[in-house]
Amino acid sequence: MMAPILIFDSGVGGLSVVGALRARLPGAALAYVCDNAALPYGTKPDAWLVARIVAACRAAVAASGACALVVACNTASTLALQALRESLTVPVIGTVPAIKPAAQLSRSGVFGLLATSATVSRPYTQRLIGEFATHCTVIRLAADPLVAQAERVLAGRAPDEAVIAASLAPLWEAPDLDTVVLGCTHFPLLRETLAAQVPRDVRWIDSGDAIARRVAQVVTPAPCNMPGAGESWASAPHRPGLVRALAEYGFSAPRALSLPDVFSDRA
């Protein structure tokens, strides 16, 4: 089997970049890993998270024989990207909130960053705003409950419209806001549901295409002629709805991802 490009996320959010990767690299083998036993990442202590992310990715790269790792998780990328690159020998491609394109596309100069509490508060995020959006007003909004809503949707359940409305409500207090950055890879999975809650026309921007472009620059995968679904792993492989969600995006039922016992009390 050809060495796959491995996509990593805390849950199923990384599936939101699979379509862009397949469009950009149609001949590449893909594999998927999620650390769903620790979901959501955004509420966990930083030091514990870095160690956990490195352990999970090392285990998954070894199990899959991956040629590259895509960290399709904004929280993990803004926190642990350097540690991953120091720990792994394969290329590691991260995810960052689409601050730059939002600053370029917003006509009013007022846009929202919808992300987890970890991402909106990271110094990395502030540096992006300082580099690309000093001329804009950026409304940073932590919307951690939307992670669980995206997991619900991919598990085949209806989203809780009240939770989504409450998560978005602070954005609409800015009358000139015309663009929203989906700063968590889970959130594009809710795009239609989010759009239905909008009281006015806004532009939604995510990082999927940018991730795929970067992967294509870094990796030249050999064509994959193997039939069947891509492999997958999960730290909690028997969670309800996970098999369904992975199958919808072309991945097999997940195998258990083994992590050191030191993480069992938190997960």
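1. Description of unusual backbone geometry
Working note: non-glycine residues mostly have negative phi, and peptide bonds are mostly trans.
In step 1: For the bond from Leu39 to Pro40, the omega torsion is -5°, close enough to zero to count as cis.
In step 2: Structurally, the position occupied by Pro40 is in the loop between strand E2 (30-34) and helix H2 (46-64).

2. A word on the sheet that holds strand E8 (residues 203-205)
In step 1: The strand order E6-E5-E7-E8 describes an open sheet built from 4 strands, whose pairing is parallel. If you trace the sheet from one side to the other, it starts and ends with strand E6 (137-142) and E8, each paired once. Going from strand to strand, the sheet's axes swing by 20° on average, the running direction of each strand aside.
In step 2: Where strand E7 (residues 179-182) and E8 come together, 3 bridges link them in parallel fashion.

3. With respect to the packing of H2 against helix H3 (residues 74-87)
In step 1: At a closest axis distance of 9 Å, the pairing of H2 and H3 adopts a crossing angle of 55°. As summarised for this structure, H2 and H3 are arranged oblique, according to the angle between their axes. Crossing of H2 against H3: the hand is right-handed. Facing H2, whose interface residues are Asp46, Leu49, Val50, Ile53, Val54, Cys57 and Arg58, H3 presents Thr75, Ala76, Leu79, Ala80, Ala83, Leu84 and Ser87.
In step 2: Its residues assigned to classes, the contact of H2 with H3 comprises 10 nonpolar, 2 polar and 2 charged.

4. Some thoughts on the pattern of salt bridges
In step 1: As enumerated under the stated definition, the model contains 5 salt bridges in all.
In step 2: Its salt-bridge partner being Glu231, residue Arg255 comes within 2.2 Å of it at the nearest N-O pair. With Arg255 in strand E10 (residues 255-256) and Glu231 in the loop between helix H10 (208-218) and strand E9 (232-234), the pair connects residues that are 24 residues apart, well separated along the chain.
In step 3: A relative accessible area of 43% places Arg255 in the partly exposed class.
In step 4: The closest approach of N and O atoms between Arg244 and Glu248, which form a salt bridge, is 3.7 Å.

5. As for the nonpolar core
In step 1: Ranked by internal contacts, the top residues of the largest apolar core, which has 50 residues, are Ile7, Leu15, Leu114 and Val215.
In step 2: Considering each element in turn, this core owes the most residues, 4 residues, to helix H7 (residues 145-154).
In step 3: Discounting chain neighbours no more than four positions away, the residues touching Val215 are Ile5, Leu21, Leu25, Val70 and Ile93.
In step 4: In terms of nonpolar packing, the next biggest core, distinct from the first, is built from 27 residues, Trp48, Val71, Ala76 and Trp233 among them.

Calculation notes
Residues numbered from 1 in each chain as written. Predicted model: local features only at pLDDT ≥ 70, side-chain atom pairs only at ≥ 80, totals over all residues. Heavy atoms only, no water. Helix = DSSP H or I, 4+ residues; strand = E, 2+ residues; numbered from the N terminus. Pairing = 2+ DSSP bridges. Axes fitted to C-alpha atoms, helices over the stretch in contact; angles between N-to-C directions. Parallel < 35°, antiparallel > 145°, perpendicular 65-115°, else oblique. Left-handed = near helix turned anticlockwise from the far one by under 90°. Contact = heavy atoms within 4.5 Å. Nonpolar A, V, L, I, M, F, W, Y, C, P; charged D, E, K, R; others polar. Salt bridge = Lys/Arg side-chain N within 4 Å of Asp/Glu carboxyl O. Buried < 20%, exposed > 50% of the residue type's maximum accessible area, 1.4 Å probe, protein only. Core = buried A, V, L, I, M, F, W, Y, C linked by side-chain atoms within 4.5 Å.

On their own, these measurements won't tell you what the molecule is for.
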